[in-house]
Amino acid sequence: MPRYEFRCRTCGDTFELSRPMAASSAPADCPSGHSDTVKLLSTVAVGGSAAASAPTPRSGGGGGGGCCGGGCCG
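Residues numbered from 1 in each chain as written. Predicted model: local features only at pLDDT ≥ 70, side-chain atom pairs only at ≥ 80, totals over all residues. Heavy atoms only, no water.

**Q** For this particular structure, what's the right way to read the environment of G33?
**A** With respect to the helices and strands, G33 occurs in the loop between β2 (14–18) and β3 (37–39). You can call G33 exposed: its relative accessible area is 53%. C-alpha of G33 to C-alpha of C8: the two residues are 25 residues apart in sequence and 9.6 Å apart in space. (Helix = DSSP H or I, 4+ residues; strand = E, 2+ residues; numbered from the N terminus. Buried < 20%, exposed > 50% of the residue type's maximum accessible area, 1.4 Å probe, protein only.)

**Q** Quick question: what am I supposed to make of the state of the cysteines here?
**A** A covalent bond between the sulfur atoms of two cysteines is referred to as a disulfide. Applying the stated rule across the entire model yields zero disulfides. The cysteine C8 is free of any disulfide, with C11 supplying the nearest cysteine sulfur at 3.5 Å. According to the relative accessible area criterion, C8 is buried, its value standing at 1%. (Disulfide = S-S within 2.5 Å.)

Rendered as structure tokens:
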């Protein structure tokens, strides 16, 4: 079940709630009981690392970059 992050405008606390996607925009009371809250935009955490999925440059000429794509420049 997705977790959504909220911030209370009354006390300033941030908190998370697990709820179905269908209820993602439903109002949420803060743990202190205040009802003036706003849902925050959260980043999504995905396993792995950027370095592991990033393409690696190839040596020895070939594709990509430069003014002419690396194929016609001498």
